[in-house]
Each structure stands twice: as C-alpha cells, then as structure tokens.
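Understanding the architecture of this molecule
What follows is each chain in one-letter form.
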Amino acid sequence: MTMDSDLDYADGVELEEGEYEYSKEREPEDYDYDTEELQFNDDGLTLQETVDHCVVPTANDAIAHVGKLLFWCFVLRIVVALCCGRAPRVAHLASALIGCLVLHHFFAELAASFVVHAALSYVALAASSRLLPAATAPLSLLVSLTFVFACEMWYFTADKWHTVRGGQMILVMKTVSVGLDLSGAVVGGGPVAPGAPGSRPAPGPLQYAGYLLHPGTTVFGPWIALDDYMLSMESRPLELLSVRWMVTSVGSLVAGLLFMSISTCWLNYLLPDRTVLITVWIVAYREALAFRCSHYFVSFVSQAAATISGISGAVWSPGGELLVSRPTAIEAPRSLVEVVVNWNLPMHYWLKTYVFRVARPAGVWVAVLCTYVASAVLHGANFQLSAVLLSLGLYTFAEDRLRTQLADALGGCVQARRCVQPCRRHRLGAALWSVRLLNAGLALLAAWHLAYLGMVFDGSPTGSAGYSWRHTLGKWALLGYSSHWVALGTLVVTWLL
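Bear in mind the structure is a predicted one, so any value in this text is a computation, not a measurement. (Residues numbered from 1 in each chain as written. Predicted model: local features only at pLDDT ≥ 70, side-chain atom pairs only at ≥ 80, totals over all residues. Heavy atoms only, no water.)

Take the packing of aromatic side chains next. All told, the structure shown has 18 aromatic pairs when counted by the stated rule. Considering the side-chain rings of Tyr211 and Tyr229, the 5.9 Å spacing of their centres and the 50° angle between planes classify their relative orientation as tilted. In this pair, Tyr211 is assigned in helix 7 (residues 205–212) and Tyr229 in helix 8 (residues 226–232), connecting sequence segments 18 residues apart. We note that Tyr211, like Tyr229, is buried. Site record: aromatic cluster; members linked through ring pairs are Phe259, Phe291, Tyr296, Phe300 and Trp343. If you follow Lys174 out to its NZ or CZ, it ends over the ring of Tyr211, 5.3 Å from the centre. (Phe/Tyr/Trp six-rings, centres within 6.5 Å; stacked < 30°, edge-to-face > 60°. Helix = DSSP H or I, 4+ residues; strand = E, 2+ residues; numbered from the N terminus. Buried < 20%, exposed > 50% of the residue type's maximum accessible area, 1.4 Å probe, protein only. Lys NZ or Arg CZ within 6 Å of the ring centre and 35° of its normal.)

Okay, structure coming up:
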C-alpha cells in the first residue's frame, strides 16, 4: 500500500458543524413574525412572503453581524499596509487588539476565554522552547486540550460552550501546529521552513498573539499556518486594493449570503412540509442540505474575512486560491472520501499534516486511529459529531475497499479517488460510458449516505446546547438505520470477495 493510498483513509475524518454556524435556528431575534398576516397556500409560503418574511430579514441580520467583522478586517489591512513592514510590532499588536474587539462582538464576556487560552499556550511554548525543545509539541497540545476540556466540563454551560467551541477549536489547531513546527515533528510534506528544531526561534509574544487572535481567522476560521500570517503582515500600500482582492472578497461574501438564504429560506419554500410529495427521505435530504448550506455560508464568509484582512494564500491551498470548501464536489460527489476532503480543506490539511504524518512512523492503522481521535477531540464531547465521524470512518473504509476491488476486477477507473488522466493503471478509462454509469451509481449511493448522516443536523432548538444521543439515534431510527446496514453489508461483501 503506497503512501498516497494510506492518506485516503485519513481523508475521511474531518466533518465539522462550521466554526460559527448560522442555520435555521439563528433567525433574527428582533424580527416579529406576525402569523396572522402570513397567508399560507397548500404548499407553504408564497414566493413574495418567502422574500419579505425570511430572505430579507435574515440577510439583514447576517450582514449586521458579518459586516462588523469585515470592517475590522479591512481596518487591519490598512494598518498593515501603512506599516509597510517597517513596524512589525505595531502590525502584530493591531492584529491582536482588533481580534479581541471582534471576539467581544461575537461572544461578549466569553471572549476572555480566548485571551486566557492564548496567554497560557504562549507561556507553555516559550518555556518549553527554551528549556526543553523536544517537549514543545506535546506541552503545547497538553495545555490547549486541558484548557478546552476544563472550560467544556466545568466552567461553561453547554449552550455557552457550544457558542465558542468552533473558535476555540481553531485556536487549538494554531497552537498545536506552531508547537509541532518548532519541534521538527512534521515530516512528509509539512511546512518547509520550521522543519527541524532550531531552524527558527519561537515567535515573540506580540507575534504569537497577533497570529492566534487574528480577526480574519479567529471566529469563523479558517486555520492558517504561522508562515501564512507572517506573510500577510508584509503587505504594501499598492497591494491594498487590487482587482483580484476586491473580486475575491465580494464574491466570497455574496456566495456565503446566497447559501445562507438557501439554508434558511429557499429549501422550506421549495420543499415545504405541507406538500403531498413530502416523504421521510425528502425531509432527510432537505435537512441535510440545509446544514451543508449553513456550512458553506461559514466557509465563504471565512474566505471573505481572511482575504480582506490580508491573507492571500495558505499552505493548504498550493494553487494560490484561498478556498475553504468546494460545494460542487460535495453536492455532486464522486465518493464520500472526496466529500470529507472537500468539506473543510484547511482542516483536512491540518489533520493529514499534523496528525497522520506525525503518527505515520508508528504504522498506517495507528496513524489512522490517531487522526480519527484527533478529529473527535477537536470537536469536543459531542455524541452527535462523534457518531457521524465514526460512521464516516466506517463508510469511507468500506467504500474504498469496494471500489478498489471493483477497479482491480474490472480494470476501470472506479476508485474512490479520481485517477490521474491519462490513467495507465486501468485499461477502461473514465470516459467510457460503462465506467461513467458505474461511477454515477456509486456517486448516488454516496449522496444517499450523505443525506442520511446529515439529517441529524436539523436546526432544532435543542441544538443550541449540542444534540443529545437520543436526538441523533432517534433521527436515524426513523429511517431504520438503513444507511448503516448498507455500509455494514458493503464491508461484509468486500471481506467475502
């Protein structure tokens, strides 16, 4: 088994609710729905009522919140451009202070937890890098995880922790990546500059604070490497208002708002509960799609915030584009493996680089197990997410085995990951109609599994504090656990062949 095929198993472990989820349960608090004025037809709201009573108020509420984030990201961009690289401490201080303002806007008094987390992690990083460099990575990991679990289990209520969980997860990813970079534990394709101990000194307090509390990445994400942050601090005035920067920023924001309106409004309009065509599977697909669209909203808004603040590229985006998620690869999937890879590109890169490749010398299966555990730990004590992640692990493993066996038996390009064209491993290329039909059937099966798994994220009121195990199992029980039975059957068939 080659290294590339080994990584395929690690690809199927990162599914997250979104760093800061905006879904149907987060409707404008100040909007008064007068039910007496709403005139329902047999299928639900009319088009005009959907626009007036859902699309417009929801968009206004989102813009009011996101607009402040984007404004402060633009302020940081101006400050960095004015510094012109001559006053790096001012730029780092501005990043940290503006990040604190943004955190206070979204989380109020809970923003203090981010500052405390950042301070504790820096003390651990600075002390270990000077006294015991080999312990930099494990100590950074220990301090961050201890703080996060202490907050989740003892200091925060469930609903408050659910609010800040995504931002704290991004903070953990940043602290761990810096610790591993400085310790030289990253191998096989990780960041080049910090590849060995002593290759560069530990970041100073202002530099580290600016990185961890960077306003363009601290609330919605995405995770970025320390090198990406440092590059963004070197912007020049002429780079401030480029055409590409404006198009990318505006395009990401518009795409995010579009997906938010689909999640909150348009799906209920197109597939209302009152239609005679509604079935339990259509409801499952609608709820899963609504959740996915809320995730796309988070992803594109995070792109806009990162771009406006000056992040022009990332180690997980070698092509140069700052792309967090690929909706087309998820909504029209070739396989579940491709779904989980494209769900959150920076998190996929982080898990593969800082977990799988670090644990790879201990063996493939140890590395895979560590990757799944790391993904579950990052998401916290949440039965729903753990159940979905473990299910995805089973699904992707069974899918990969089945499609690999079919590819070997038929000699066709039907593996879970696309073959590099022109393919010289299989005699039946991807362009043949027989191969296309088989891939289309397997893609439909992947989409069916995706609808089943995603229906547990239905935006119900109980989700504000995290969904319970009864909610998750109850949703799947409505469909007879059919997807799990199919996955188990697929796995049995692959063992018998």
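Back to the text.
Right, let's get into the packing of helix 10 (residues 280–309) against helix 16 (residues 433–454). Direction vectors running N to C along helix 10 and helix 16 enclose 80°, while the axes themselves pass 7 Å from each other. As judged from the angle between their axes, helix 10 and helix 16 are roughly perpendicular. Of the residues in helix 16, those touching helix 10 at Trp281, Ala284, Tyr285, Glu287, Ala288 and Arg292 are Trp448, Leu450, Ala451, Tyr452 and Gly454. Split into classes, the residues belonging to the contact of helix 10 with helix 16 amount to 8 nonpolar, 1 polar and 2 charged. (Axes fitted to C-alpha atoms, helices over the stretch in contact; angles between N-to-C directions. Parallel < 35°, antiparallel > 145°, perpendicular 65-115°, else oblique. Contact = heavy atoms within 4.5 Å. Nonpolar A, V, L, I, M, F, W, Y, C, P; charged D, E, K, R; others polar.)

A cluster of nonpolar residues, Leu93, Leu97 and Leu206, forms a patch on the protein surface that exposes about 250 Å² of accessible area. Counting through the fold element by element, Leu206 comes out in helix 7. (Patch = residues over 30% accessible without salt bridge, like charges linked within 9 Å, V, L, I, M, F, W, Y side chains within 5 Å. Areas by Shrake-Rupley, 256 points an atom, 1.4 Å probe, with all protein chains shown as cover. Salt bridge = Lys/Arg side-chain N within 4 Å of Asp/Glu carboxyl O.)

This paragraph deals with the nonpolar core. Grouped together as the largest cluster of nonpolar side chains are 75 residues, with contacts concentrated most on Trp223 and Trp350. At 11 residues, the largest contribution of residues to this core is made by helix 6 (residues 158–183). In this structure, Ile330, Val340, Trp343 and Trp476 belong to the second largest nonpolar core, which totals 30 residues. (Core = buried A, V, L, I, M, F, W, Y, C linked by side-chain atoms within 4.5 Å.)

Take the state of the cysteines next. The term disulfide refers to a covalent linkage connecting the sulfur atoms of a pair of cysteines. Applying the stated criterion across every chain yields a total of 1 disulfide. Between the sulfur of Cys54 and that of Cys265 lies a disulfide, 2.0 Å long from S to S. Its torsion about the S-S bond being -85°, the disulfide of Cys54 and Cys265 is classed as left-handed. Residue Cys54 is located in helix 2 (residues 47–83), and its partner Cys265 is located in helix 9 (residues 243–270); the two are separated by 211 residues in the primary sequence. Between Cys413, a free cysteine, and Cys423, which holds the nearest cysteine sulfur, the sulfur-to-sulfur gap is 3.6 Å. Classification of Cys413 as buried rests on a relative accessible area of 1%. (Disulfide = S-S within 2.5 Å.)

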